[in-house]
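The lines below spell out each chain.
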Amino acid sequence: MTSIAKAPGKIILFGEHFVVYENRAILGAINKYATVTSEKINTDNILISSSLGQSSIKKDEEVSSVEKKFRPFFYIAKQLISKNGFDKGISIKIESEIPIGAGLGSSSACCVAAAASISNLFGNTNEKEILELSIQAEKTIFPNSSGADCTVSVHGGIIEYQKEKGFSKIDTKNEFNFLIIDSEQIHATDKVVERVKKFKNENTNVFTELCSEEERLITKALESMKNNDLKTIGKCMAQNQIFLEQIGVSNDELLSIIEEIEMITFGAKITGAGDGGCVIALTEEGSDLSEYTNTTKYQTYHVSIQKTGMQVFNS
Ligand code: PMV
């Protein structure tokens, strides 16, 4: 049997960084996917092939011995082989249309798709178990992950997420559409998170006040999302961008992208860790932004929020 699973990437609409300190964040699954195809094989190897290369280990080898980028997938395969008492190996093919290192949840979507595809080889498609396994797998390379990316990739739609409390789905009547502009400045999430921690420790009162303001902003944003009030959502995004600038995760290049795109959309902000990565701008469905997308030096993507999360198929 061949098992195929597909999982969406994500954008963070509100609350990145503040979510690390128990505040809420709002995330949306986007229509860009990672797909993982897996099969049981007759040797005791775990084989991985992806656009980042190929790798193979014996199923009893330690995960820490392999290259970082492949670790989560070996981790998932090893866990499921052991849990199910399987005496042979697995082949795993990873394909993704989500840009890497851009804050669009590429690694989480690959982890979710791998956990779903391999679990399904053993007849299990339990979402809760797949989510837990994918978060653990991601932690082999990013130990401080809040788990928000994997959660939205499994469940799809728009979610409100808080580390200890978990998630709830936000019911909206309309789909939201965004233009993503990739600054192509590769960012390292762990380094930016570390820098914000330093800022928080050195500016305790300012940070606490920003957390409260972000909380109030999220309440307002949720209300306007439920009412499909695109103008107010856009204004909330612009305000969130100001908070992100105050904690030092923006830069001149990101700001100049935001200033330009804000003039022709409802509002724009960084998505994810910042220090590079992508800007998201809220757009009207079907709006023609070709004058901008055809002339900008940046890679752009039109995306919409996807109600469906991870999906599993047999072939
Ligand atoms: O840039 P990304 O997609 O890795 O997003 C990081 C979001 C943070 O809030 C900065 C960290 C986290 O784990 O939530």
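Here the structure is a predicted model, which is why all the values come from computation and not from measurement. (Residues numbered from 1 in each chain as written. Predicted model: local features only at pLDDT ≥ 70, side-chain atom pairs only at ≥ 80, totals over all residues. Heavy atoms only, no water.)

(A) Examining the nonpolar core more closely. Grouped together as the largest cluster of nonpolar side chains are 93 residues, with contacts concentrated most on I11, F14, I92, F176, F178, I180 and I247. Broken down by element, this core gets its largest block of residues, 10 residues, from helix α2 (residues 106-121). Counting 9 residues, the second largest nonpolar core, distinct from the first, contains I12, V19, A29 and Y161. (Core = buried A, V, L, I, M, F, W, Y, C linked by side-chain atoms within 4.5 Å. Buried < 20%, exposed > 50% of the residue type's maximum accessible area, 1.4 Å probe, protein only. Helix = DSSP H or I, 4+ residues; strand = E, 2+ residues; numbered from the N terminus.)

(B) Region of interest: the environment of N174. Its location among the elements puts N174 in the loop between β7 (166-170) and β8 (177-182). Residue classification places N174 among the partly exposed positions, given a relative accessible area of 32%. Each C-alpha atom, one on N174 and one on K226, is 8.5 Å from the other, the two residues being 52 residues apart in sequence. If near-sequence neighbours (up to four positions away) are discounted, N174 is found in contact with N228 and K307. (Contact = heavy atoms within 4.5 Å.)

(C) Geometry of the sheet that holds strand β10 (residues 278-283). The 4 strands lie next to each other as β9-β10-β8-β11, forming an open sheet whose pairing is antiparallel. Bordering the open sheet on either side are β9 (267-271) and β11 (299-304), each of which pairs with just one other strand. Adjacent strand axes in the sheet meet at a mean angle of 25°, parallel and antiparallel pairs treated alike. When β8 meets β10, the two strands line up antiparallel, connected through 6 bridges. Paired with I181 across the two strands is V279, which belongs to β10. The strands that helix α8 (residues 252-262) touches are β8, β9 and β10; relative to β9, the one it contacts most, it runs at about 155°. (Pairing = 2+ DSSP bridges. Axes fitted to C-alpha atoms, helices over the stretch in contact; angles between N-to-C directions.)

(D) Layout of the site of the ligand. In the vicinity of the ligand, 15 residues are found, and the nearest of them are K10, H17, S146, T189 and A273. S146 is positioned such that a nitrogen or oxygen atom in its side chain is 2.9 Å from an oxygen atom of the ligand. Taken by itself the ligand offers 390 Å² of open surface, and the protein chains cover 92% of this. Because more than half of its atoms lie within 2 Å of the grid, the ligand is assigned to the largest pocket. (Near = heavy atom within 4 Å. Polar contact = N/O pair within 3.5 Å; in protein donor to acceptor, adjacent residues only side chain to side chain. Areas by Shrake-Rupley, 256 points an atom, 1.4 Å probe, with all protein chains shown as cover. 1 Å grid on protein atoms, 1.4 Å probe; cavity = no way out; pocket = protein on both sides within 12 Å on 5 of 7 lines; lining within 4 Å. Sits in = over half its atoms within 2 Å of the grid points.)

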